[in-house]
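# Chain and residue survey
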Amino acid sequence: MTTRSGKYLEKALWAPWIERDDRSVLQNCADESWDPSYCLDALREVLHPIVTSVHFSGYSRWGVQPSKSSLESLLLDFTRYLKEDGEWKALHARWQRAEEKPFSLPLFLTRAYARFKAKHHPDRHDEQVGEGRDLSPVALVPGSVSAPLVDAFFELTRQLPEECRLIYQLHLEGLLDPEIALILRTDLGEVRERILEAKDRLDLRDFRKGVGA
Amino acid sequence: MKTPKIDFLAPELDAFVARWVGGSLSDAELSEWRRVLTNEAGFRENFCDWIRSLREPGWIREASSVTRRKP
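So, here's what we can say about the structure. What you are looking at is a predicted structure, and each value in this text was computed from that prediction instead of being measured.

### Quick word on the overall build of chain A
- A tally of regular secondary structure across chain A gives 13 helices and 0 strands.
- Secondary structure of chain A in N-to-C order comes out as α-α-α-α-α-α-α-α-α-α-α-α-α.
- Sorting the 213 residues of chain A into buried and exposed places 49% on the buried side.
- Taking the intrachain contacts of chain A between residues at least 6 apart in sequence as the baseline, contacts between residues at least 24 apart amount to 66%.

### Digging into the nonpolar core
- Judged by nonpolar contacts, the single largest core of 58 residues is most densely connected at Leu43, Phe78 and Ile180 of chain A together with Phe8, Trp20, Phe47 and Trp50 of chain B.
- Considering every element that reaches this core, the biggest residue donor is helix α7 (residues 105-120) of chain A, with 8 residues.
- Ignoring any residue separated from it by four or fewer positions in sequence, one finds Phe8 of chain B in contact with Arg111 of chain A together with Leu13, Val17, Trp33, Phe43, Asn46, Phe47 and Trp50 of chain B.

### Quick look at the packing of helix α2 (residues 27-39) of chain B against helix α3 (residues 41-53) of chain B
Residues and elements named next belong to chain B.
- In contact at an axis separation of 5 Å, α2 and α3 are set at 100° when each is read in the N-to-C sense. Between α2 and α3, the crossing angle belongs to the class labelled roughly perpendicular. On α3, the residues touching Trp33, Val36, Leu37, Thr38 and Asn39 of α2 are Ala41, Phe43, Arg44 and Phe47.

### Re the side chain of Arg165 of chain A
- The topology assignment puts Arg165 of chain A in helix α11 (residues 162-172).
- Summary of buried charges: Arg165 of chain A has no salt-bridge partner, and the nearest side chain of opposite charge, Glu162 of chain A, is 5.7 Å away.
- Non-local contacts of Arg165 of chain A, meaning those with residues more than four positions away in its chain, are made with Thr157, Arg158 and Leu160 of chain A together with Thr38 and Asn39 of chain B.

### A look at unusual backbone geometry
- In this model, Arg185 of chain A sits at a positive phi of 55°, which is unusual for a non-glycine residue.
- The class of Arg185 of chain A is partly exposed, set by a relative accessible area of 43%.

### Some thoughts on the packing of helix α6 (residues 87-96) of chain A against α7 of chain A
All names here are of chain A.
- Running from amino to carboxyl end, α6 crosses α7 at an angle of 155°, the nearest separation of the two axes being 11 Å. The angle between α6 and α7 falls in the class roughly antiparallel. Crossing of α6 over α7 shows right-handed handedness. Contact residues: Glu87, Leu91 and Arg94 in α6; Leu105, Phe108, Leu109, Ala112 and Arg115 in α7.
- Of the residues in the contact of α6 with α7, the class split is 5 nonpolar, no polar and 3 charged.

### Things to note about the pattern of salt bridges
- Within this structure, the stated rule accounts for 13 salt bridges over all chains.
- Where Arg201 of chain A meets Glu197 of chain A, a salt bridge forms, and the shortest distance between an N and an O atom there is 3.1 Å. Of the two residues, Arg201 of chain A and Glu197 of chain A both sit in helix α13 (residues 188-210), 4 residues apart, roughly one turn of that helix.
- Its relative accessible area of 33% is what places Arg201 of chain A among the partly exposed residues.
- For the salt bridge of Arg35 of chain B with Glu32 of chain B, the shortest nitrogen-to-oxygen distance reads 2.9 Å. Remark: Glu32 of chain B and Arg35 of chain B occur in helix α2; sequence separation between them is 3 residues, near one turn of the helix.
- Exposure remark for Arg35 of chain B: the relative accessible area of 42% places this residue in the partly exposed category.
- The exposure class of Glu32 of chain B is partly exposed, given its relative accessible area of 38%.
- Because the salt bridges share partners, they merge into one network encompassing Glu87, Arg111 and Arg115 of chain A together with Asp14 of chain B.

Calculation rules
- Residues numbered from 1 in each chain as written.
- Chains lettered and ligands numbered in written order.
- Predicted model: local features only at pLDDT ≥ 70, side-chain atom pairs only at ≥ 80, totals over all residues.
- Heavy atoms only, no water.
- Helix = DSSP H or I, 4+ residues; strand = E, 2+ residues; numbered from the N terminus.
- Buried < 20%, exposed > 50% of the residue type's maximum accessible area, 1.4 Å probe, protein only.
- Contact = heavy atoms within 4.5 Å.
- Core = buried A, V, L, I, M, F, W, Y, C linked by side-chain atoms within 4.5 Å.
- Axes fitted to C-alpha atoms, helices over the stretch in contact; angles between N-to-C directions.
- Parallel < 35°, antiparallel > 145°, perpendicular 65-115°, else oblique.
- Lys, Arg positive; Asp, Glu negative; His and termini not counted.
- Salt bridge = Lys/Arg side-chain N within 4 Å of Asp/Glu carboxyl O.
- Left-handed = near helix turned anticlockwise from the far one by under 90°.
- Nonpolar A, V, L, I, M, F, W, Y, C, P; charged D, E, K, R; others polar.

Have a look at this one:
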């Protein structure tokens, strides 16, 4: 990855999760019997960016910040959820298994928060109205017809050769080229070539069907 | 949203995802990971939602380079 964007993604997604060691935070929380208020204070530094990016992504991309009270309320709800739904327990057990590497608190909390949101705030798509959704080709389809049409379009991708199918599917889901390259551990130029190839192949087949060939 | 046969957010996958992020999956595991991403629409959708949610505000504008068709 040589582009600035790719470097940024690598730094944002990968490095902090691998390099950070938040075991002392977990130990402190354990010592306090996982009291939600204490844990919220201890984890605030880790939780704040997770909650603002995952829950309020649409708002932040439009440059609007959630109110302090709503953010605080969500943080506390999430911290309670961590304890009551057994997420703390699982985190603690994982942290104690020394053989399990890497251990990354932000990574596990991000996944725990996504589960919390799916369970308690399943209105994610209504809130995520920013550019993240807008960039997704499938998000451009009007809501009333989107599900069957999008399913049909994804069915079309099954016709693509293996080397460009997954890349194009990820592109359709709205991931950016540098993200796809990083996720698939491949070259950015290769990603762009495969996306263009997929577009050409699908257009050609549609055209042939249209003229009855 | 499709209901995934394999739930990307399942707690059982936490350790696997951590190993994937850490780049320590074997070739066979990576191959299986790609196979599931390719064939399980619900899994792929949740995975992509997760990746999108991790973008930092502002980065998307910088990185945005939607692939354009050849002239």
